[in-house]
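Chain by chain, the residues run as shown.
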Amino acid sequence: MSTGDYTGLTEQARRLREGEVTSRELVVDALERIEASQPVLNAFRHVRAEAALADADDADRRLASGERLPLLGVPMAVKDDTDVAGLPTLFGCQGEVAPASVDGEPVRRLREAGAVIVGKTNSCELGQWAFTEGPAFGATRNPWSHGHTPGGSSGGSAAAVAAGLVPAALGSDGAGSIRIPAAWTHLVGIKPQRGRVSVHPHIDAFQGLAVNGPLARTVADAALLLDAVQGPHPEDLHRPEAVDASAAARREPGRLRIALAWRPPLTLTGAKPHPEVRRAVSEVADALARLGHDVEEARPRYGLIGLGFVPRGTTGVSEIAALHPEPALLDPRTRTAMRNGKLLGGRIVRAARAREVRQHQRIGAIFDTYDVVLTPTTAVPPPAIGTFDGLGAWRTNSIMAAACPYAWPWNVLGWPGVNVPAGFTSGGLPVGAQLLGPAGGEERLISLAAQLEDALRWYEHHPSPPTVRSAPVEQ
């Protein structure tokens, strides 16, 4: 198989505009890499080879006529929680559902920008877990170490980008589901402000916790994808003003005050960073200090923010699981979450959401002193495939809460965060650091991430490709 195409989203778009390559060539290459890697990485749930090639031919005709769009002809992937017309949206579940009749709003915007959708990537069941495994599709594996998870729930998108199958992909984040797999696969992952990228046809996905966003190998690529998909559907509840992410990626951030926060919120699991995670994030903090920023240890006043997260998360799972036509096929842990969601719904979840204003005030007070909060993205390196096999709901959630205690509070707040690669463990497993900001703070976070990328040059490191061969895609 090919070794992967690491030219990136911005570079592929440039090459297409300047006539150095055709969309058909890029799409054929992507489809061949997907087909060859699938027996090992298992990143995709659906591949739309024939339709993607037709879309590529159309893009080539448009390019030849002089049309120019930000992503015209570039192959892209979409997580399988987002509707793509003609494909079912299974969201990690077993069973059958009818194909979507229309694109979800972010996919509509991707197509409007000219992207060619090559397929839909794997997610764990209903996006609940920090691993991408399940009876519906098996296990998606980490390109850096096939015995380890790429994380979840956007693990398929992360694996596809990290392995060079596509230059960037769309994921979603309801408790860290973009940032966690980005950390564990050496990617940039942006969790935008709530409402920045529409989740339509959902109006308020997972009780306001979930947002869509980009996974890419560079800040510029992630910013370009964010610019392409941002914007509300007319029915959306949350409608923040637009940002210019690409301009932010080219702009110096200025000298910033950065709070390095090691202690996560209370999870009752004794969560603390693994020594190798602490070392890696400390090195990111040192790099920021060398760039002229003021970095010191501090901690947001999280309070009992988990009391706001649990009712919203379980109610969200219950609401989306109720749409499945065959509930008996769902994982027993999902059915437990459904029961808990029904118990915690109604008055309890409304009270949890009402607390968000106070949480904004209490936790947001840290931005009176600091511009950005830096934390580990996860407390531990990526777990081995099968770590969560056979566990019940309580045990699964306890292990995940200890492994990933840093990301979910920003979903409760609805505020933006960016994972940046922080390096590798002594065993070669990627880990990440998280840049967190207040409401509407994406541009500052992106500028800072781009400056850090220039210094650390994480995009120069790629995983070895799977040693699997297959027949070429028919051209």
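Coordinates for the structure precede this section.
Residues numbered from 1 in each chain as written. Predicted model: local features only at pLDDT ≥ 70, side-chain atom pairs only at ≥ 80, totals over all residues. Heavy atoms only, no water.

Observations concerning the packing of helix α10 (residues 306–321) against helix α11 (residues 332–344)
So, step 1. Put simply, α10 and α11 touch, their axes get as near as 7 Å, and they point 115° apart. Considering their axes alone, α10 and α11 lie roughly perpendicular with respect to each other. Pair α10 / α11 crosses with left-handed handedness. Note on element contacts: α11 touches α10 through Thr334, Ala337, Met338, Asn340, Gly341, Lys342 and Leu344, opposite Val310, Pro311, Thr314, Thr315, Val317, Ser318 and Ala321.
So, step 2. Of the residues contributing to the contact of α10 with α11, the split by class is seven nonpolar, six polar and one charged. (Axes fitted to C-alpha atoms, helices over the stretch in contact; angles between N-to-C directions. Helix = DSSP H or I, 4+ residues; strand = E, 2+ residues; numbered from the N terminus. Parallel < 35°, antiparallel > 145°, perpendicular 65-115°, else oblique. Left-handed = near helix turned anticlockwise from the far one by under 90°. Contact = heavy atoms within 4.5 Å. Nonpolar A, V, L, I, M, F, W, Y, C, P; charged D, E, K, R; others polar.)

Some remarks on the pattern of salt bridges
So, step 1. In total, this model carries 27 salt bridges according to the counting rule given.
So, step 2. Arg62 is the salt-bridge partner of Glu67, the closest N and O atoms lying 3.0 Å from each other.
So, step 3. Judged by relative accessible area, which is 24%, Arg62 ranks as partly exposed.
So, step 4. Arg108 is the partner of Glu105 in a salt bridge, and the nearest nitrogen-oxygen pair spans 2.9 Å. With Glu105 and Arg108 both in helix α4 (residues 105–112), this residue pair falls three residues apart, about one helical turn.
So, step 5. Accessibility expressed as a relative area gives 5% for Glu105, which makes it buried.
So, step 6. What you see here is one network of salt bridges that share partners, running through Glu11, Arg14, Glu18 and Glu20. (Salt bridge = Lys/Arg side-chain N within 4 Å of Asp/Glu carboxyl O. Buried < 20%, exposed > 50% of the residue type's maximum accessible area, 1.4 Å probe, protein only.)

A look at the side chain of Gln207
So, step 1. Following the sequence through the fold, Gln207 ends up in the loop between β7 (188–191) and β8 (211–216).
So, step 2. A relative accessible area of 12% means that Gln207 is categorised as buried.
So, step 3. One polar contact links Gln207 to Glu319, side chain to side chain, over a distance of 3.0 Å.
So, step 4. Aside from chain neighbours lying at most four places away, what touches Gln207 is Arg312, Thr315, Gly316, Glu319, Val349 and Arg353. (Polar contact = N/O pair within 3.5 Å; in protein donor to acceptor, adjacent residues only side chain to side chain.)

Some thoughts on the packing of aromatic side chains
So, step 1. As enumerated under the stated definition, the model contains eight aromatic pairs in all.
So, step 2. On the numbers, 6.5 Å between centres and 85° between planes, the contact of Phe91 with Phe206 is edge-to-face. Residue Phe91 is located in the loop between β2 (75–79) and α4, and its partner Phe206 is located in the loop between β7 and β8; the two are separated by 115 residues in the primary sequence.
So, step 3. By relative accessible area, Phe206 is classed as buried at 18%.
So, step 4. Geometrically, the ring pair formed by Phe367 and Trp415 is edge-to-face, given 6.2 Å between the ring centres and 65° between the ring planes. Here Trp415 lies in the loop between α15 (409–413) and β12 (417–424) and Phe367 lies in the loop between α13 (356–364) and β11 (372–376), a separation of 48 residues in the sequence.
So, step 5. Here the aromatic residues Trp129, Phe131 and Phe388 are joined through ring pairs into a cluster of three or more. (Phe/Tyr/Trp six-rings, centres within 6.5 Å; stacked < 30°, edge-to-face > 60°.)

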